[in-house]
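Tertiary structure, described
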Amino acid sequence: MSRPGPRTRGMAAPVWVLRHLQVAVAALGRLYRTPLSTAMTVAVIGIALALPSVLLVGLNNVQRLSAGWGGGTSISLFLKQSVKDTQAADLASRLRAWDQVASVHTITHEQALTEFRHLSGFGSALDALPDNPLPAVLVIQPTAAVKQAASLQSLLLKLRQLPQTDMAQLDLQWVKRLNALMAIGRRGVLVVGGLLALTVLLVVGNTVRLDIQNRHDEIAVTKLIGGTDAFIRRPFLYTGLWHGALGGLLACVLVESAFALLGGPVHHLATLYQSSFSLHSIDLSDVSMVLSAGAALGLAGSWLAVGRHLDAIEPT
């Protein structure tokens, strides 16, 4: 018996790919011929995948919004009384070169006194003072990368070690609370996503199980004439994969539609607060992640169903 030549071995891979493409197209055609059941299954999968996707994209928008709250993470650096305004300006220039600092606003002695006079109402009492008791202040805005409480604390300690510093003040409590809320939100997305992923597995598994039962005789005849389990399993796996991928595509459409409906009211609310914030919907990386997750869950659900129910069918 002659061995297959190099040309025959080289053609094996393209033939294998062609067979898989044929089965994938045939599985998609079978779904097309049963539009009602396919639409119901895809709708359930799409809604299940859309819920955690909406939560995740919404959480990312909240994180973007919190990053834009400039006043919340600013550090007030009170300089010593002996530091002149020119020295304060020089120090501000040096601080702007730091990687952790986004901007520095200088408040001179006179500006601090004017602001205090305006806010306190003690104008006459301040006029009685021989000298200006208020120091120069540097209002430091950290960069967006410095948003964790530990990073802010490290920057705060570094500023306190400056020889010109009298006091550095930052309210870390709200930052810690925000980080805790964001961590809870992400953990919640994982929990909800896990439960809904289990739902997708059950839906796809049940759909493939019903398909196997409906094709019981066809599977028995195929086994009788020598069809392998891999050959019989392949169309059912592609059926689950298509269900999951189409469900993921529907989920992306639902998420995009939801944020399109919310975009106008959110933009109007942001305008009332003199903010340029706008909702960011699902992007290409999120779309690819949802589609991949849907296809993977559909494939896994069909694999479990086929592995459990296919062995029970034996030709008689």
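Residues numbered from 1 in each chain as written. Predicted model: local features only at pLDDT ≥ 70, side-chain atom pairs only at ≥ 80, totals over all residues. Heavy atoms only, no water.

Brief notes about the packing of aromatic side chains
Definition in use: Aromatic contacts are taken between Phe, Tyr and Trp rings whose centres are within 6.5 Å, Trp giving its six-membered ring; a plane angle under 30 degrees counts as stacked, one over 60 as edge-to-face, and the others as tilted. Cation placement over rings: the criterion is NZ of Lys or CZ of Arg within 6 Å of the ring centroid and within 35° of the ring normal.
Evaluated as defined, the whole model comprises zero aromatic pairs. One cation-aromatic arrangement involves Arg233 over Trp303; the distance from NZ or CZ to the ring centre is 5.3 Å.

Side note on the confidence of the model for the protein
What counts here: Per-residue confidence from the prediction method is given by pLDDT, with values spanning 0 to 100. Helical segments are the DSSP runs of H or I of at least four residues, strand segments are the runs of E of at least two, and each set is numbered from the N terminus.
The predicted model of the protein has a mean per-residue pLDDT of 82, with 84% of residues at 70 or higher. Mean pLDDT values over the elements of the protein span from 57, in helix H5 (residues 123-127), up to 90, in helix H10 (residues 284-309).

As for the sheet that holds strand S3 (residues 137-142)
Short version of the rule: Paired strands, in this sense, are two strands between which DSSP finds at least two bridges. Geometry is summarised by axes, namely lines fitted to C-alpha atoms with helices restricted to the contacting stretch, and by angles between N-to-C directions that run from 0 to 180 degrees.
Pairing is antiparallel across the open sheet formed by four strands, whose spatial order is S2-S3-S1-S4. The open sheet has two free edges, formed respectively by strand S2 (101-107) and strand S4 (165-169), since each of these has just one partner strand. Ignoring strand direction, the axes of neighbouring strands in this sheet form an average angle of 20°. Across four bridges, the pairing between strand S1 (residues 75-79) and S4 is antiparallel. Bridge pairing in S4 links Leu79 to Thr165.

A short note on the environment of Gln63
Rule in force here: Think of it in three bands: residues with accessible area under 20% of the maximum for their type are buried, residues over 50% are exposed, and the middle band is partly exposed, with areas taken using a 1.4 Å probe on protein chains only.
Relative to the helices and strands, Gln63 is located in helix H2 (residues 35-67). By relative accessible area, which is 24% here, Gln63 ends up partly exposed.

Quick look at the packing of helix H8 (residues 216-224) against helix H9 (residues 229-272)
Let me state the cut-off plainly: Roughly parallel covers angles under 35 degrees, roughly antiparallel covers those over 145, roughly perpendicular covers 65 to 115, and oblique covers all other angles. A clockwise turn of the near helix away from the far one marks a right-handed crossing, whereas an anticlockwise turn of less than a right angle marks a left-handed crossing. By the convention used here, residues are in contact when the closest approach between their heavy atoms is within 4.5 Å. Polar here means any residue outside two lists: the nonpolar Ala, Val, Leu, Ile, Met, Phe, Trp, Tyr, Cys and Pro, and the charged Asp, Glu, Lys and Arg; Gly therefore counts as polar.
The contact between H8 and H9 brings their axes to 10 Å, and the two run at 150°. Of the possible angle classes, the one that applies to H8 and H9 is roughly antiparallel. As H8 runs across H9, the sense of the crossing is right-handed. Between H8, through Ile219, Thr222 and Lys223, and H9, the contact on the second element is made entirely by Asp229, Phe231, Ile232 and Phe236. A per-class count over the contact of H8 with H9 returns four nonpolar, one polar and two charged.

Let's talk about the side chain of Thr165
Filter applied, for reference: We define a polar contact as two N or O atoms separated by no more than 3.5 Å, with the added condition that, inside protein, one atom must be a possible hydrogen donor and the other a possible acceptor, whereas residues neighbouring each other in sequence contribute only through side-chain atom pairs.
With respect to the helices and strands, the residue Thr165 is situated in strand S4. Of the polar contacts made by the side chain of Thr165, one reaches the backbone oxygen of Leu159; its length is 2.9 Å. Setting aside its immediate chain neighbours within four residues, Thr165 contacts Leu77, Phe78, Lys80, Leu159 and Arg160.

Looking at the pairing of S1
The alternating pattern of S1 places Ile75, Leu77 and Leu79 on a buried face and Ser76 and Phe78 on a face that is not buried. Examined bridge by bridge, S1 and S3 share four bridges and lie antiparallel to one another. Bridge pairing links Leu77 to Leu138 in S3.

A word on empty space enclosed by the protein
Counted only if it meets this: A pocket here means an open set of points on a 1 Å grid, computed over the protein atoms alone, that has protein on both sides within 12 Å along at least five of seven lines. A cavity is instead a set of points where a 1.4 Å probe fits but cannot get out; residues with an atom within 4 Å of a point line either one. Grid points are joined across faces, edges and corners, and a volume is the space filled by probe spheres set on the points.
Under the counting rule described, the total for this entry stands at one cavity of 30 Å³ or more. What lines the largest cavity is Ser53, Leu56, Val57, Asn60, Ile282, Asp286, Met289 and Val290. Sort the elements by how many residues they give to the lining of the largest cavity and H2 lands first, with four residues. Taken together, the residues that form the lining of the largest cavity break down as five nonpolar, two polar and one charged.

What about the nonpolar core?
The criterion, for reference: Definition used in this section: a nonpolar core is a set of buried Ala, Val, Leu, Ile, Met, Phe, Trp, Tyr and Cys residues joined via side-chain atoms within 4.5 Å.
Within the largest apolar cluster, 27 residues are counted, with the highest numbers of intra-cluster contacts made by Val200, Val208, Ile212, Ile219 and Phe236. Residue assignment for this core shows that the elements contributing at least two residues are H2, helix H7 (173-214), H8, H9 and H10. Per-element accounting of this core gives the leading share, seven residues, to H7. In this view, Ile212 contacts Ile219, Phe236, Ala305, Val306, His309 and Ile313; residues no more than four positions away in its chain are not counted. In this structure, Leu95, Leu152, Leu159 and Ala168 belong to the second largest nonpolar core, which totals 21 residues.

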